[in-house]
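Residue-level structural notes
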Amino acid sequence: MNGNDPRSLNHMQKGTSSGLDMHQVPGCVWVGMLLWLLALLGGCVSPPQRSPLRTPDEVRAQLVQLIPPKTPDRAGWAADIQSSFQMLDIPPSTENMCAALAVIAQESTFVADPVVPDLGRIARKEIEHRAAQHHVPAFAVGVALMLKSSDGRSYADRIARVRSERELSEIYEDLIGRVPLGRQLFADSNPVRTGGPMQVSIAFAERHAADHANPFAADGSIRHAVFTRRGGLYFGIAHLLDYPSNYPRHIYRFADFNVGWYASRNAAFQNALGIATGVPLALDGDLLVPGRLSATEAAARTLGPQLGLGDAGIHRQLGMSDGLAFEESALYRGVFEIADRRKGKPMAREMIPQIRLESPKITRKLTTEWFANRVQARYQRCVNQAFADIRQTPD
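Residues numbered from 1 in each chain as written. Predicted model: local features only at pLDDT ≥ 70, side-chain atom pairs only at ≥ 80, totals over all residues. Heavy atoms only, no water.

What follows deals with the overall build of the protein. Secondary structure assignment for the protein yields 20 helices and two strands. Contacts spanning at least 24 positions in sequence make up 61% of the contacts within the protein whose residues lie at least 6 apart. For the protein, the exposed area adds up to about 21500 Å²; of that, 55% sits on carbon and sulfur atoms. (Helix = DSSP H or I, 4+ residues; strand = E, 2+ residues; numbered from the N terminus. Contact = heavy atoms within 4.5 Å. Areas by Shrake-Rupley, 256 points an atom, 1.4 Å probe, with all protein chains shown as cover.)

Here you go:
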């Protein structure tokens, strides 16, 4: 019997009222039963815990201890991280703070505007690639890049000397705004898509700012805010932690940070759907593909009659896959019921997506699983350090 299960107590109470004569029970037995009942009820009460509420000063003090000792301006980093947790109303637990610190360490080693090796060559190659797509001759690109930019240097010179994504983003903004060929190649869309100390997606930051109170509204540009330490931390921590999940471990949030919210949950759904239908599926977490029928949706349709769902209902419920509510849908529950039955055991409800990372900045074979495991290792070291510090702190 599980003492934490209310049904166990209800069953016991029904048993005591089903004909047991109290007068027939010896006193010593009643004492034993009473002690047993008290012990059982005691198991239902959680032990007293330290209040999770801490002052901002206490949070900053712990962060300073957890940030790598050689980091310049640890106090400033700690202040900006603590401020982000407070503005986002995310509990600054040791685990949450270590999760954020692990991502920062992995993405930038605590550099607000990290240097990207060989970025000038990468940028020039991207420009030439886009020119070829638009059938723009190479010589025309060369002539355009020799024009003077807003700071007096040519675009070619600035690109050749660029060191960070913030600098490159500013060059592209200048090029798009001042040179017709820039607008033609980039269609008013800056190709620098991530930035800041957590390399957060600028598109995510813009969506988050549109849906929440925006502390950077006065700055005018979310893109510019992402490239600052304070803004990059705020939107990066939001991307990592500002959504509900049923994940048992932070490693799945690290994978989601790399791919997108709920990607780990969705990859597990694809795995279960493959088992339920016998159709091999890529475990990438993308359940819908804009403009065409995805393999995941096509597989789900084969279960429609069994689940009592039509094609439109399946599509609508797959569209819920960017939120927690998808787990309550008939499609999600039905697929897992079939998969669990076929395997004879509960299938995992979370799984790291199997994705190879693609970016001009990446020069070797890397995957989401590699990223998640690297961040998880940093996270575990941080948590171990934090609790070792607590044990060493005198009362």
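Having seen the model, we can carry on.
Considering the arrangement of structural elements, one finds Ala-386 in helix H20 (residues 368-392). Taking C-alpha positions, Ala-386 is 8.6 Å from Cys-98, a pair spaced 288 residues apart along the chain. If sequence neighbours within four positions are ignored, Ala-386 has contacts with Gln-62, Leu-66 and Thr-94.

What follows deals with the packing of aromatic side chains. Scanning the model with the defined rule gives 13 aromatic pairs in all. Considering the side-chain rings of Trp-77 and Phe-110, the 5.3 Å spacing of their centres and the 75° angle between planes classify their relative orientation as edge-to-face. In this pair, Trp-77 is assigned in helix H4 (residues 74-88) and Phe-110 in the loop between helix H5 (94-108) and helix H6 (119-133), connecting sequence segments 33 residues apart. Residue Phe-110 is classed as buried on the basis of its relative accessible area, which comes to 6%. Here Phe-269 and Phe-326 contribute two aromatic rings whose centre-to-centre distance is 5.1 Å and whose plane-to-plane angle is 70°, an arrangement assigned as edge-to-face. A residue pair is termed long-range when its members are at least 10 positions apart, and Phe-269 in helix H15 (residues 263-277) and Phe-326 in the loop between helix H18 (311-318) and helix H19 (330-343) qualify at 57 residues. Classification of Phe-269 as buried rests on a relative accessible area of 0%. Among the aromatic residues, those joined into a ring-pair cluster are Phe-204, Tyr-243, Trp-261 and Tyr-262. In this structure, Arg-229 packs its charged tip against the face of Trp-77, placed 5.3 Å from the ring centre. Above the face of the Tyr-243 ring, Arg-253 is positioned so that its terminal group lies 4.5 Å from the ring centre. (Phe/Tyr/Trp six-rings, centres within 6.5 Å; stacked < 30°, edge-to-face > 60°. Buried < 20%, exposed > 50% of the residue type's maximum accessible area, 1.4 Å probe, protein only. Lys NZ or Arg CZ within 6 Å of the ring centre and 35° of its normal.)

All right, on to the confidence of the model for the protein then. Detailed reading of predicted coordinates is not advised where the pLDDT is low. Looking at the protein, pLDDT values average 85 and 83% of them are 70 or higher. Below pLDDT 50 for its whole length, residues 1-51 participates in 15 contacts with residues either more than four positions away or in separate chains. (pLDDT = per-residue confidence, 0-100.)

Tallied over the entire structure, the rule returns one disulfide. With a sulfur-sulfur separation of 2.1 Å, Cys-98 is cross-linked through a disulfide to Cys-382. On the S-S bond that ties Cys-98 to Cys-382, the torsion sits near -75°, and the link is left-handed. Highlighted residues: Cys-98 in helix H5 and Cys-382 in helix H20, separated in sequence by 284 residues. For the pair Cys-98 and Cys-382, one class covers both residues: buried. (Disulfide = S-S within 2.5 Å.)

With that settled, the discussion passes to the side chain of Gln-376. One can find Gln-376 in helix H20. In this structure the side chain of Gln-376 is engaged in a polar contact, spanning 3.4 Å, whose partner is the backbone nitrogen of Ile-251. Once residues within four sequence positions are removed from consideration, Gln-376 is found in contact with Arg-249, His-250, Ile-251 and Phe-254. (Polar contact = N/O pair within 3.5 Å; in protein donor to acceptor, adjacent residues only side chain to side chain.)

A large share of helix H14 (residues 251-259) lies buried, amounting to seven of its nine residues. All of the buried residues along H14 are Ile-251, Tyr-252, Arg-253, Phe-254, Ala-255, Asp-256 and Phe-257. Backbone geometry just after H14 places Gly-260 at a positive phi near 150°.

Moving on, we get to the nonpolar core. By size, the foremost hydrophobic cluster in this structure holds 77 residues, and its most contacted members are Ile-81, Leu-101, Phe-235, Ile-237 and Leu-240. Tallying contributions element by element places H5 first for this core, with nine residues. Excluding residues that lie within four positions of it along the chain, Ile-237 makes contacts with Ile-81, Ser-84, Phe-85, Leu-88, Ile-90, Ala-100, Met-198 and Asp-242. Within the second largest apolar cluster, 20 residues are counted, among which are Phe-269, Leu-318, Ala-339 and Met-347. (Core = buried A, V, L, I, M, F, W, Y, C linked by side-chain atoms within 4.5 Å.)

Let us now look at the pattern of salt bridges. Enumeration over the complete set of coordinates arrives at 18 salt bridges. Measuring nitrogen to oxygen at the nearest pair gives 2.9 Å for the salt bridge that ties Asp-113 to Arg-166. In this pair, Asp-113 sits in the loop between H5 and H6 while Arg-166 sits in helix H9 (residues 165-178), placing the two residues 53 residues apart along the sequence. Given the relative accessible area of 22%, Asp-113 is considered partly exposed. Several salt bridges converge on common partners, so that one network encompasses Asp-151, Arg-153, Arg-158, Asp-174 and Arg-178. (Salt bridge = Lys/Arg side-chain N within 4 Å of Asp/Glu carboxyl O.)

On to the packing of helix H3 (residues 56-66) against H4, then. Where H3 meets H4, the closest approach of the two axes is 9 Å, and the angle between their N-to-C directions is 130°. Here H3 is positioned oblique relative to H4, judged by the angle of their axes. Where H3 crosses over H4, the handedness of that crossing is right-handed. Residues Pro-56, Val-59, Arg-60, Leu-63 and Val-64 of H3 touch H4, and the partners they reach there are Arg-74, Ala-75, Ala-78, Ala-79, Ile-81, Gln-82 and Gln-86. Of the residues contributing to the contact of H3 with H4, the split by class is eight nonpolar, two polar and two charged. (Axes fitted to C-alpha atoms, helices over the stretch in contact; angles between N-to-C directions. Parallel < 35°, antiparallel > 145°, perpendicular 65-115°, else oblique. Left-handed = near helix turned anticlockwise from the far one by under 90°. Nonpolar A, V, L, I, M, F, W, Y, C, P; charged D, E, K, R; others polar.)

With a phi close to 60°, Asp-118 is a non-glycine residue in the positive phi region. With respect to the helices and strands, Asp-118 occurs in the loop between H5 and H6. Of note in the backbone geometry, His-135 takes a positive phi value of approximately 60° without being a glycine.

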